[in-house]
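Summary of structural features
Now for the letters of each chain:
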Amino acid sequence: MSTVPTTPTVAALPPTWSQRLLTVIPLGGVAWLASVLAAHPAISHLGISPLMLAMCAGMVACNTMPRHWLAPLGPGMQFARHHMLRVGVALYGLRLTFGSMAALGAAGVLVPLAMLVATLVVGTWIGTRWLGLTRREAIVVSAGSAVCGAAAAIAMASVVRTDDRQTAVAVATVVLFGTAGMFLYPSLFELATAQWHWAVSQRAFGIYTGATLHEVAQVIAAGKMIGDPAADAAVLAKMVRVLALGPLLLVMAMWPGIGEDADTRAGKHRGAAQAVPAASRSHLRSLLKSVPWFAVGFVAVMAINSAGLVPSSWQPGLVALDNWLLACAMLAIGLHTRIADLLRAGRKPLVLAALLFGFLMVAGALLCAATL
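Residues numbered from 1 in each chain as written. Predicted model: local features only at pLDDT ≥ 70, side-chain atom pairs only at ≥ 80, totals over all residues. Heavy atoms only, no water.

Here's the deal with helix α14 (residues 245-254)
Keep this limit in mind: Each residue gets one of three labels from its accessible area relative to the maximum for its type: buried under 20%, exposed over 50%, partly exposed in between, using a 1.4 Å probe on protein chains only. The helix and strand labels rest on DSSP assignments: H or I over at least four residues marks a helix, E over at least two residues marks a strand, and numbering proceeds from the N terminus. The arc in question is the one traced by the directions running from the helix axis out to the C-beta atoms.
Listing the buried residues of α14 in full gives L245, L248, L249, M252 and A253. With its buried residues spanning 135 degrees around the axis, α14 presents them on a single face.

If you want it as structure tokens, here you go:
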């Protein structure tokens, strides 16, 4: 190993934009191929969307190929998972209008919010009382399940100040159970409507999906497998939860002692006068970094579309671009989902996430059945 002092500095440099864009090219090619294959009659009749196909391709590659084969694609994977996903979610607003939001009705807005609050409260209580997790860890795992997946877990971690290991474990549980739900929900709809002959509309099941499934990308992919009405309702219901992240973070940041364990509170008064201004500045920076700007962009694009400012001739091309962006993001997420790593995340957080997954599915179904 080289002992030249400059080597660690060079290795620590983040990838340049040219590196990110160059390594996105192969991902974009595979995402385009997934779109072509999903449109083929042999596959399209199965209801498999390009997003689901891209996600599956990424997971297969991640769990069968050596890590060093995929390592060169790292910058592109990161770019797709963060920037392309957010742009894709914002552009999804081109498919919707405020009229479609109004069509959800009061129940379509209240159900996601009720599930958010209930999941956060139940998860924190079970995690601390039953499983012996710290309050910080229980809140971060619960936030990932309650709000919007990994993004919410990371944002909440910055407010309650968990360490890197706790944050990574919380994100791993979200990826594991959110991915399982993405595959399970379309099968549940098929079971309920085709086998049990329940009168469940795509709109109602879409609201259920958006109110209970973890990640935005997972919601879109699951909804697309059911149908466009389900996908549209699912995204709208999901964005209700995403837009609630900002107020939730603000409440958590102002909650007395929310980021403190017992040992920390014992020495709280030491240097309190100097600590308060620094803590306030830290909270403000964390909140600004954690604002889901892609959700704001989604609302802005939906407003533009509602006003009829997007020419109809542009719609097909923009929708195709949006599908490609989302397929790239799903491929990158799949390439980052190594099952063995997720199962090693930790027993207690996995148990909590599994219980919350079951709670979301059952309580969400009961709530939707009673209100929709």
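Following the structure, the description resumes.
Looking at the environment of L243
Stated precisely, the cut-off is as follows: Any two residues whose heavy atoms approach within 4.5 Å at even a single point are treated as in contact.
Its place among the elements puts L243 in helix α13 (residues 228-243). Residues within four places of L243 in sequence aside, it is in contact with A295, V296 and V299.

Digging into the packing of helix α7 (residues 98-130) against helix α11 (residues 202-212)
To keep things clear, this is the line we draw: To get an axis, fit a line to the C-alpha atoms, keeping to the stretch in contact for a helix; angles then go from 0 to 180 degrees between the N-to-C directions. To sort the angles, those under 35 degrees are grouped as roughly parallel, those over 145 as roughly antiparallel, those from 65 to 115 as roughly perpendicular, and the leftovers as oblique. Should the near helix be turned counterclockwise from the far one by less than a right angle, the crossing is left-handed, whereas a clockwise turn marks it as right-handed.
Between α7 and α11, whose axes approach to 9 Å, the crossing angle comes to 30 degrees. If you check the angle between α7 and α11, you find them roughly parallel. The crossing of α7 and α11 is right-handed. On α11, the residues that touch A103, L104, G105, G108, V111, P112 and M115 of α7 are R203, I207, A211 and T212.

With respect to the side chain of K238
Just so we agree on the cut-off: Charge counting treats Lys and Arg as positive and Asp and Glu as negative, with His and both chain ends excluded. We define a salt bridge as a side-chain nitrogen of Lys or Arg found within 4 Å of a carboxyl oxygen belonging to Asp or Glu.
Along the chain, K238 falls in helix α13. For K238, which is buried and forms no salt bridge, the nearest opposite charge comes from E215, at a distance of 6.9 Å. Non-local contacts of K238, meaning those with residues more than four positions away in its chain, are made with V147, C148, G210, L213, H214, E215, V216 and V219.

Observations regarding the packing of aromatic side chains
Where we set the bar: Only Phe, Tyr and Trp rings take part, Trp by its six-membered ring, and two of them pair if their centres are within 6.5 Å. Stacked means planes under 30 degrees apart, edge-to-face means over 60, and tilted covers everything else.
Enumeration according to the criterion identifies seven aromatic pairs in this entry. Judged by centre distance (5.4 Å) and plane angle (15 degrees), the rings of Y185 and Y208 are stacked. Remark: Y208 occurs in helix α11 and Y185 occurs in helix α10 (residues 164-195); sequence separation between them is 23 residues. By the burial criterion, Y185 is buried, and Y208 matches it. Where W196 meets W198, the ring centres are 4.9 Å apart and the plane angle is 45 degrees; that geometry is what we call tilted. Aromatic rings pair up to connect Y185, F189, F205 and Y208 into one cluster.

With respect to unusual backbone geometry
In the Ramachandran plot, H197 falls in the positive-phi region, its phi being about 60 degrees despite a non-glycine side chain. Considering the arrangement of structural elements, one finds H197 in the loop between α10 and α11.

Things to note about the pattern of salt bridges
Applying the stated criterion across every chain, the model contains two salt bridges. A salt bridge links D322 to R95; its shortest N-O distance comes to 2.3 Å. With a gap of 227 residues between them, D322 in helix α18 (residues 315-335) and R95 in the loop between α6 (74-91) and α7 connect regions that are remote in the sequence. The pair D322 / R95 is uniform in exposure class, with both members buried. When the shortest N-O distance is used, the salt bridge between D228 and K224 registers 3.4 Å.

Re helix α20 (residues 347-371)
So the rule is basically this: Expected span of a helix: the number of residues minus one, times 1.5 Å.
For α20, with 25 residues, the first-to-last C-alpha span of 35 Å sits near the 36 Å given by 1.5 Å per residue. Listing the buried residues of α20 in full gives P349, L350, L352, A353, L356, F357, L360, M361, G364 and C368.

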